[in-house]
Amino acid sequence: MHPTIFETHRPAAKIVEDSLAGTKLACFWTEDVADRAARYPALDGDTRADDAVVGGGYAGLWTAIKLKTAHPERRVVLLEAVRVGWAASGRNGGFCEASITHGEPNAEARWPDETGTLRRLGHENLDAIERFIEQHGLDVDFERTGQLAVANEPHQQEWLGEGDDPEVEVLDREAVQRRITSPTFLGGEFAPRENANLHPAKLAAELARHAAEIGVEIHEHTPVQRLDGSAEEPIRLTTERGVVTAERVALCTNVFPSLLKRYRFHTVPVYDYVLMTEPLTDEQLASIGWEGREGLADMANQFHYSRLTKDNRILWGGYDAVYFAGGRIKREHEDRMESHRKLASHFFTTFPQLAGVKFTHRWAGVIDTSTRFCAFFGQAHGGRVQYVAGFTGLGVGATHFAADVLLDRFEGRVTERTELEMVKQVPLPFPPEPAASIGINLTRWSLDRADHNQGKRNVLLKTLDALGLGFDS
Ligand SMILES: Cc1cc2nc3c(=O)[nH]c(=O)nc-3n(C[C@H](O)[C@H](O)[C@H](O)COP(=O)(O)OP(=O)(O)OC[C@H]3O[C@@H](n4cnc5c(N)ncnc54)[C@H](O)[C@@H]3O)c2cc1C
C-alpha cells in the first residue's frame, strides 16, 4: 500500500489545531443570508391548490417557479418542513456544474449511447440557469469560472486527457501551477464551460423571492406527514395544521424519507463535511494565485473540492463521506471533529503557504446517495404525483434539469428529456440494514484502498462497476 500525499506531507499538528481553535459549528452560507432571507408563514388550515410542491430546496423551488410560469392562472403552493434552503441547497459547495449525471464517466458507464446528448443537455441546462439569473436579476454571486481537476499522485497524472471532451485543456505541472500554486499539484485538466461558482444559500433565498413574486404561495415550518390519493381523485397532503388538496403534486424531498413508500430504499443519507477560512489577505491570495477563481477538485476517489467566495475565503470540503449505521438523519452527525481535523490537515498539505490561516466555520450536510449517483424520477397515482431524488452530491445544476423533467411529465409531453434512459430507468434500491451498512462500509474501504494502491480497483469495486451499482458522495 502507498500512503497518499496527505499522509506523507502532514502539516505540523499545531498548525491544524490553531486553525480550528476558534471555529464555529455553523454553515457560513446560511449564516451569511440569515438577516436578509424572507420568512414565509406556516400553513394554517385546509386549502385547495392546482399544484403542490413538497420541499423548499432548489428542486422544489425550480419546479414551483416553472409550474407557475407555465400556468400563471393556476394556484401553486409549496410546503417546506423547516426553512427554504436550510438543507443541502443552503449548505453545499456552490459548484453549479454542467453535468447532470454526476460526471461524464458515470454517464459513459451507464448510458454510452446517450453520453453526447447528456453532455449537451447539461451545458444547455447550465446556460439556462445563467440566463435565468441574469434575466431576473438574482443576486447569487454567480461566476462562470470553469472547473480545474488536479492530480495529486503520479497515477492520477496518467488519467489526464483520458476523456473525449474537446474543450478540456490538459495541464502539465507548470501550467497547473500558473493557475493555482500548490506543491501537491502534479498536473490537471481545465474545463472552461463545466462549472460556475455561486452562493448556495443566496440562490435558495433568491429563487424563493422570485417564486413568491410570481405568485407561488410558500409555507415554511410545514412538514407533510402523509400523502393519499389515486389516479382518479386529487391528492391529499396532510400536515399538522391542515390538509392541502391538489390536482398534481411534485415531491422534491431529497434525502428525507420519501412520501412514496416504494422509494424509501432508493437513497441513503451520506454526510459530507466542509470548512470555510477567514477572508484571505491580498498577500495570502497572491501566494496561491487562483486568479481564474476556478472550481477546484482533485482526482482521487475520496476527493476534496474547493473554491473562493466573493470575499476571498476558501471553502474546503469533501474527502470523508460518512454513512452512519441505521441511515438516520441527525443533527449530532454534523459535529464530527475527526472529519474536520482531517480536512484542515489536508488543506495545509495543499497550501502550506497559508499556515496561520484560521477556519471561521465548519459544518456538514446530508447527501441523497443513489446507487447510480445521479437523480432518478418516480411517479405515482397515474402521474399526478411526480418524484425526484438521488442527486448524490451534484444537484446544484441538475435540480433545474429535474424540474424541467417533472414539468414535461405533468403535462404529458414527450420530449428529448423524458425519452432519456437516464430519466426512464429507476435504479436498484439499497438493501435494508444491516446489509446496507456492511455493503456501504466495504465499498468505502475499497475506495480508500484504491486511492492507496495507485487507483487500482479491487474485485468488489469491479463487480459493482459491472453491475452499475455503487456508493459515492
Ligand atoms: C455539504 C454538501 C456539499 C455539496 N456540494 C455540492 C456542490 O458543490 N455542487 C453540487 O452540484 N451539489 C452539491 N451538493 C448537493 C446539492 O446541494 C443537492 O443535490 C441539492 O441541493 C439538492 O436539492 P434538493 O432541493 O433536492 O434538496 P434539499 O436542498 O435537501 O431540499 C429538500 C427539502 O425538502 C424538505 N422536505 C423533506 N421532506 C419534507 C416533507 N415531508 N414535508 C415538507 N418538506 C420536506 C426539506 O426540509 C428540505 O428543505 C452538496 C451537498 C452537500 C450536503
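Since the model is a prediction, treat every value here as computed from it, not as a measurement.

S.K.: What is the right way to look at the overall build of the protein chain in this model?
M.R.: For the protein chain, the count of helices and strands is 16 helices and 19 strands. Its C-alpha atoms give the protein chain a radius of gyration of 22 Å, within 12% of the compact-globule value 23 Å for 473 residues. Taken along its principal axes, the extent of the C-alpha atoms in the protein chain is 65 × 50 × 45 Å. When burial is assessed residue by residue, the protein chain has 59% of its 473 residues classed as buried. For the protein chain, the exposed surface amounts to about 19300 Å²; the carbon and sulfur share of it is 52%.

S.K.: It is not clear to me how the packing of helix 4 (residues 58-70) against helix 10 (residues 200-214) should be interpreted in this structure. Could you clarify?
M.R.: What describes two packed helices is the angle between their axes and the distance between those same axes. The geometry of helix 4 relative to helix 10 is characterised by a closest axis approach of 10 Å and an angle of 25 degrees between their N-to-C directions. It follows that helix 4 is roughly parallel to helix 10 by the angle criterion. Like other packed secondary-structure pairs, helix 4 and helix 10 cross with a definite hand, here left-handed. Of the residues in helix 10, those touching helix 4 at Tyr58, Leu61, Trp62, Ile65, Lys68 and Thr69 are Pro200, Leu203, Ala204, Leu207, Ala208, His210, Ala211 and Ile214. Tallied by class, the residues present in the contact of helix 4 with helix 10 amount to 11 nonpolar, 2 polar and 1 charged.

S.K.: Can you help me understand the domain arrangement of the protein chain in this one?
M.R.: By a frequent convention, interface size equals the accessible area lost on bringing the separate parts together. If you check the domain split of the protein chain, you get domain 1 (5-32 + 147-189 + 272-321 + 333-370), domain 2 (39-135 + 200-266 + 372-424) and domain 3 (434-467). Measuring from the centre of the C-alpha atoms in domain 2 to the corresponding centre in domain 3 gives 31 Å.

S.K.: Hey, could you run me through the packing of helix 15 (residues 435-451) against helix 16 (residues 459-467) in this one?
M.R.: Where helix 15 meets helix 16, the closest approach of the two axes is 9 Å, and the angle between their N-to-C directions is 110 degrees. Taken together, the axis directions place helix 15 and helix 16 in an arrangement best described as roughly perpendicular. Here the hand of the crossing between helix 15 and helix 16 comes out left-handed. Across from Leu442, Thr443, Ser446, Leu447 and Ala450 in helix 15, the residues of helix 16 making contact are Leu460, Leu461 and Leu464.

S.K.: Explain helix 7 (residues 115-135) to me, please; I cannot follow it from the model alone.
M.R.: Along an α-helix, residues three or four apart share an orientation, since each turn contains 3.6 residues. An ideal rise of 1.5 Å per residue puts 30 Å on 21 residues; helix 7 measures up with 30 Å between its terminal C-alpha atoms. If you check which residues of helix 7 are buried, you get Thr115, Leu118, Leu121, Gly122, His123, Asn125, Leu126, Ala128, Ile129, Phe132 and Ile133. Just downstream of helix 7, Gly137 is the residue with a positive phi angle, here 60 degrees.

S.K.: Can you walk me through the site of the ligand in this structure?
M.R.: Taken together, 37 residues form the shell around the ligand, and within it Glu80, Trp86, Ser89, Phe95 and Val224 come nearest. Ala59 places a main-chain nitrogen or oxygen 3.0 Å from an oxygen atom of the ligand. At 3.3 Å, a side-chain N or O of Asn92 approaches an oxygen atom of the ligand. Counting only elements with at least two residues in the shell around the ligand, the list comes to helix 4, helix 5 (88-91), strand 13 (268-277) and strand 17 (359-369). Partitioned by chemical class, the residues of the shell around the ligand number 20 nonpolar, 14 polar and 3 charged.

S.K.: Before we go on, may I ask you to explain the packing of aromatic side chains in this structure?
M.R.: The way to describe two aromatic rings as a pair is by their centre distance and the angle between their planes. Summed over all chains, the structure comprises 16 aromatic pairs. With a centroid separation of 5.9 Å and an interplanar angle of 80 degrees, the aromatic rings of Phe95 and Tyr305 are classed as edge-to-face. One end of the pair, Phe95, is in strand 4 (residues 95-97); the other, Tyr305, is in strand 15 (residues 304-308), with 210 residues separating them in the sequence. Here the two residues Phe95 and Tyr305 agree in accessibility, since each one is buried. Aromatic side chains Phe185 and Phe351 sit 6.4 Å apart centroid to centroid with 75 degrees between the ring planes, which places their arrangement in the edge-to-face category. With Phe185 in the loop between helix 9 (173-179) and strand 7 (187-191) and Phe351 in the loop between helix 12 (337-350) and strand 17, the pair connects residues that are 166 residues apart, well separated along the chain. The burial state of Phe185 is the same as that of Phe351; both residues are buried. Among the aromatic residues, ring-to-ring pairing joins Phe185, Trp290, Trp316, Phe347, Phe348, Phe351 and Phe359 into one connected group.

S.K.: Where do I start with the UniProt feature "domain: FAD dependent oxidoreductase" (unreviewed entry) in the protein chain in this structure?
M.R.: In the numbering adopted here, UniProt assigns the feature "domain: FAD dependent oxidoreductase" (unreviewed entry) to residues 52-408. Its end C-alpha atoms 16 Å apart, residues 52-408 is made of 29% helix and 27% strand.

S.K.: Help me out: how do you make sense of the layout of surface pockets in this one?
M.R.: One simple way to see leftover space: roll a probe sized like a water molecule over the atoms. The volume enclosed by the second largest pocket comes to roughly 530 Å³. Lining the second largest pocket are 29 residues, and of these Thr30, Glu31, Gly85, Trp86 and Arg91 sit closest to its centre. Listed by contribution, the elements that provide at least two residues to the lining of the second largest pocket are helix 3 (28-33), helix 10 and strand 17. The element contributing the most residues to the lining of the second largest pocket is helix 10, with 4 residues. Broken down by class, the residue content of the lining of the second largest pocket amounts to 17 nonpolar, 2 polar and 10 charged.

S.K.: What should I look at first to understand the pairing of strand 16 (residues 314-322) in this one?
M.R.: Walk down a regular strand and you will see the side chains alternate between the two sheet faces. The buried count for strand 16 comes to 9 of 9 residues, which makes it a mostly enclosed element. With 5 bridges joining them, strand 13 and strand 16 adopt antiparallel strand pairing. Note that in strand 16 the partner of Met276 across the bridge is Leu315. As judged from the 5 bridges shared by strand 15 and strand 16, these two strands associate in the antiparallel manner. By the bridge assignment for strand 16, Ser306 is matched with Trp316. Once strand 15 ends, the chain turns through 5 residues before running back antiparallel as strand 16, passing Asn312 with a positive phi of about 60 degrees.

Criteria and thresholds
Residues numbered from 1 in each chain as written. Predicted model: local features only at pLDDT ≥ 70, side-chain atom pairs only at ≥ 80, totals over all residues. Heavy atoms only, no water. Helix = DSSP H or I, 4+ residues; strand = E, 2+ residues; numbered from the N terminus. Rg over C-alpha atoms; globule rule 2.2 N^0.38 Å. Buried < 20%, exposed > 50% of the residue type's maximum accessible area, 1.4 Å probe, protein only. Areas by Shrake-Rupley, 256 points an atom, 1.4 Å probe, with all protein chains shown as cover. Axes fitted to C-alpha atoms, helices over the stretch in contact; angles between N-to-C directions. Parallel < 35°, antiparallel > 145°, perpendicular 65-115°, else oblique. Left-handed = near helix turned anticlockwise from the far one by under 90°. Contact = heavy atoms within 4.5 Å. Nonpolar A, V, L, I, M, F, W, Y, C, P; charged D, E, K, R; others polar. Domains from an automatic or database assignment. Expected span 1.5 Å × (residues − 1). Near = heavy atom within 4 Å. Polar contact = N/O pair within 3.5 Å; in protein donor to acceptor, adjacent residues only side chain to side chain. Phe/Tyr/Trp six-rings, centres within 6.5 Å; stacked < 30°, edge-to-face > 60°. UniProt positions renumbered as here; feature names shortened; annotations may be inferred. 1 Å grid on protein atoms, 1.4 Å probe; cavity = no way out; pocket = protein on both sides within 12 Å on 5 of 7 lines; lining within 4 Å. Points joined across faces, edges and corners; volume = space filled by probe spheres on them. Pairing = 2+ DSSP bridges.

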